[in-house]
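One letter stands for each residue in the lines below.
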Amino acid sequence: MFKIFNWNSGIVEKTRMKNRIMTGSEAVMQSLLDEQIDTVFGYPGGGIMPIYDALFDYQNKINHILTRHEQGLIHAAQGYARVSGKVGVCFATAGPGATNLITGIADAMMDSTPLVCIIGQVASPLLGTDAFQEADVVGMTIPCTKWNYQITSGNKIPEILSKAFFIANSGRPGPVVISITKNAQLEKISYNYLKTSFLKSYKSKTYPEYKRIQEVATLINQAKKPFLVFGQGIILSGAELLLKQFIEKTGIPAASTLLGLSALSSDHPNYVGMLGMHGNYAPNLMTNKCDVLIGIGLRFDDRVTGDASRYAKQAKIIHIDIDNAEINKIVKVDIPVLGDASEVLEALIPLVKSGSYKLWMKEFKDRFSDEYSQVIEKDLYPKDDKPNMGVVIRMLNELTNNETILVTDVGQHQMIASRYFNFKNTRSLVTSGGLGTMGFCLPAAMGAKLGQPTKTVVAIIGDGGFQMTLQELGTISQYNISVKIIIMNNSFLGMVRQWQEMFFESRYSFTDMESPDFVKLADAYIIPASRVTEKSKLMQAIKKMLEHNGPSLLEVIVEKEDNVFPMIPPGASVDEIILKLQSNKNV
């Protein structure tokens, strides 16, 4: 092995001394092996059949998971990538196979998940002729990928795949789509794989200006009421330990976005809760009372800021992020720092003073007491014997160890689970944040289990989201993927129903839902299942589900018209967060 320089790909490692003659499809397999990829999620079809024919000879080297739908395979690849830190890889065929991936591609783009999607395409002479199962996947995915490329010649396969993996997992991660025409898959080529580590046209890394970091330290050291808010950028940069060191040295209270959860242990004394529309009362309220707001690795999206025109106007704002496009996009900041969170924190920690903010922390604790008495106690310790969502999460915490990975779908259960689950280890939450994709959970959970096979993976799903991708029970059963599935069934599209109750005079327009017998459905897939309707039987049912050796399902019948609070009403400021139902009003 030796290094060479290539003006297109920069410094690379030449991994093979001699060229080998093979088909383009075999080159795809070899490229995956050279990238140390051992798991692929896919669904075959005519457009990608040569690649699947080559895969037949690589089954002992590459673990291929056949899902039941392309949306399932890409969400599974997302779950795998999110918990493992590796690039998720998926195969799909041309036309409808490609278009079925787009929801997952857009989801991965918004949540910075590294994926390489390899998609078959009709032969080059047929491009643009509306041939059978032809779709312009490159044109359709330009807005929701970091990069995409259509390969029409087999000899381009190694080079393009090498670039694809580098782009997907460097800088701010994201999805890459590679479309390969059928003739390129069949052509004989001379295989030579050069692993990319630099591209002239792509700036994967930005080194933070030390002057900016000194300015940040000066502002923090002068602050009386500093507040740190962090997002998934901490996890993606591997800065969890540095974050902990920073807040322990400075004594600054810290809050997480939804996707930042698990970067810091839930029981850390400086952790004050989750930000956002259904986040904790204190961190949302105190955002508009701090004098210095330090944002690290987050986008300041609308769910965090509420009305951005009234967000932290009293504070000096610092924004540390790897993506220049996010700085000053939503919130005007005083000190922008462009760089990787781990590198910035490493340089910043020696410059900040040791301290504590006892009176400032007391304000957070007092507001937490308000939330506890009005919301949390009711959610976790209801007086009647009817199970609710909070009780499920409380009992799950009591029965699981610190190695548990929580995967959620989207809706009320997502917010309840995120608020009350005890996160101990990093990369222990997998959820759809930016796009809010219902149907995400079940396939993402099976991908997460394959990405971290020694850990317990619990999927928390609503009855609505479950029915969007329930066919993946077939994948879970076929491969015996030991996912523990809890369906919180309230016979409603719960979050939409809550909005209809609060802002549309309880006009429940098409949100009530009749579901099949989920226990019988699981039984049809040879997955053990049970149903609970009484709180007194819930603990034992969860325990039995967790202890089963293999996949298992538990349906919990929860309150039909339960609501999730606190809540920042749409259009409100973060300090207008409410703890209970207000009088109805139209949006």
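Residues numbered from 1 in each chain as written. Predicted model: local features only at pLDDT ≥ 70, side-chain atom pairs only at ≥ 80, totals over all residues. Heavy atoms only, no water.

Participant: Quick one: what's the story with the confidence of the model for the protein, residue by residue and with numbers?
Facilitator: When pLDDT is averaged along the protein, the result is 94; 96% of the residues meet or exceed 70. Contacts from residues 1-17, a stretch scored under 50 in pLDDT, to residues over four places away or in other chains number 46 contacts. (pLDDT = per-residue confidence, 0-100. Contact = heavy atoms within 4.5 Å.)

Participant: Give me a nonpolar patch on the surface: which residues, what numbers.
Facilitator: Side chains of F368, Y372 and Y381 sit close together on the surface and give an oily, nonpolar patch of about 300 Å² of accessible area. Within the fold, Y372 resides in helix α15 (residues 358-380). (Patch = residues over 30% accessible without salt bridge, like charges linked within 9 Å, V, L, I, M, F, W, Y side chains within 5 Å. Areas by Shrake-Rupley, 256 points an atom, 1.4 Å probe, with all protein chains shown as cover. Salt bridge = Lys/Arg side-chain N within 4 Å of Asp/Glu carboxyl O. Helix = DSSP H or I, 4+ residues; strand = E, 2+ residues; numbered from the N terminus.)

Participant: Lay out the domain arrangement of the protein with the relevant residues and their values.
Facilitator: What the domain assignment lists for the protein is domain 1 (4-191), domain 2 (210-363) and domain 3 (387-558). For domain 2 and domain 3, the distance between their C-alpha centroids amounts to 31 Å. In total, about 1,400 Å² of surface goes out of reach between domain 2 and domain 3, with carbon and sulfur atoms giving 58% of it. In terms of surface lost to domain 3, no three residues of domain 2 exceed L258, S262 and H278, which account for 39% of the buried area on that side. Across the domain 2-domain 3 interface, the total number found is 1 salt bridge. The salt bridge involving D267 is made with K424; its shortest N-O contact spans 2.5 Å. Along the contact surface separating domain 2 from domain 3 lie 7 residue pairs in polar contact (both at pLDDT 80 or more). Here the side of domain 2 that touches domain 3 is composed, by residue class, of 9 nonpolar, 6 polar and 3 charged. (Domains from an automatic or database assignment. Buried area = accessible area lost by both parts, 1.4 Å probe. Polar contact = N/O pair within 3.5 Å; in protein donor to acceptor, adjacent residues only side chain to side chain. Nonpolar A, V, L, I, M, F, W, Y, C, P; charged D, E, K, R; others polar.)

Participant: Outline the pattern of salt bridges, listing residues and values.
Facilitator: Following the criterion strictly, the structure yields 26 salt bridges and no others. The shortest N-O distance in the salt bridge between R303 and D302 comes to 3.4 Å. Here E371 and R419 are joined by a salt bridge, their closest N and O atoms 2.7 Å apart. Residue E371 is located in helix α15, and its partner R419 is located in helix α17 (residues 412-420); the two are separated by 48 residues in the primary sequence. The network of salt bridges with shared partners includes R172, D323, E326 and K329.

Participant: How would you explain the sheet that holds strand β12 (residues 226-230) if you had to name every residue and give the values?
Facilitator: Strand-to-strand pairing in sheets goes through backbone hydrogen bonds, with the strands running parallel or antiparallel. Spatial ordering of the open sheet is given by β14-β13-β12-β15-β16-β17, a layout of 6 strands whose pairing is parallel. Looking at which strands have only one partner, the edges of the open sheet turn out to be β14 (271-274) and β17 (335-338). Between one strand and the next, the sheet's axes are offset by a mean angle of 15°, whatever the strand orientation. In the sheet, strand β16 (residues 316-321) pairs with β17 via 4 bridges, with the strands oriented parallel. The residue of β17 that forms the bridge with H319 is P336. (Pairing = 2+ DSSP bridges. Axes fitted to C-alpha atoms, helices over the stretch in contact; angles between N-to-C directions.)

Participant: So what about the state of the cysteines? Which residues, and what values?
Facilitator: Taken as a whole and assessed by the stated rule, the structure comprises 0 disulfides. No disulfide involves C90; its sulfur sits 3.5 Å from the nearest other cysteine sulfur, which is in C117. For C90, a relative accessible area of 0% puts it in the buried group. Note on C441: no disulfide assigned, nearest cysteine sulfur contributed by C90 at a separation of 19 Å. (Disulfide = S-S within 2.5 Å. Buried < 20%, exposed > 50% of the residue type's maximum accessible area, 1.4 Å probe, protein only.)

Participant: Report on the packing of aromatic side chains, specifying residues and quantitative values.
Facilitator: Under the counting rule described, the total for this entry stands at 13 aromatic pairs. For the pair F41 and Y80, a centre-to-centre distance of 6.0 Å together with 65° between the ring planes defines the contact as edge-to-face. With F41 in strand β4 (residues 39-42) and Y80 in helix α3 (residues 70-84), the pair connects residues that are 39 residues apart, well separated along the chain. Exposure remark for F41: the relative accessible area of 0% places this residue in the buried category. The class of Y80 is buried, set by a relative accessible area of 5%. Between F166 and Y202, the aromatic rings sit 5.9 Å apart at their centres with planes inclined by 90°, giving edge-to-face as the arrangement. Placement of the pair is F166 in helix α7 (residues 157-169) and Y202 in the loop between β11 (194-196) and α9 (210-222), with a sequence separation of 36 residues. Residue F166 is classed as buried on the basis of its relative accessible area of 13%. The ring of F492 is capped by R497, whose NZ or CZ atom sits 5.8 Å from the centre of that ring. (Phe/Tyr/Trp six-rings, centres within 6.5 Å; stacked < 30°, edge-to-face > 60°. Lys NZ or Arg CZ within 6 Å of the ring centre and 35° of its normal.)

Participant: Provide a residue-level description of the environment of S84, including the pertinent values.
Facilitator: Position of S84 relative to the elements: it lies in helix α3. For the pair S84 and A164, spaced 80 residues apart in sequence, the C-alpha separation works out to 19 Å. Apart from residues lying up to four places away in sequence, S84 is in contact with G451 and Q452. At 3.1 Å, the side chain of S84 forms a polar contact with the backbone nitrogen of K86.

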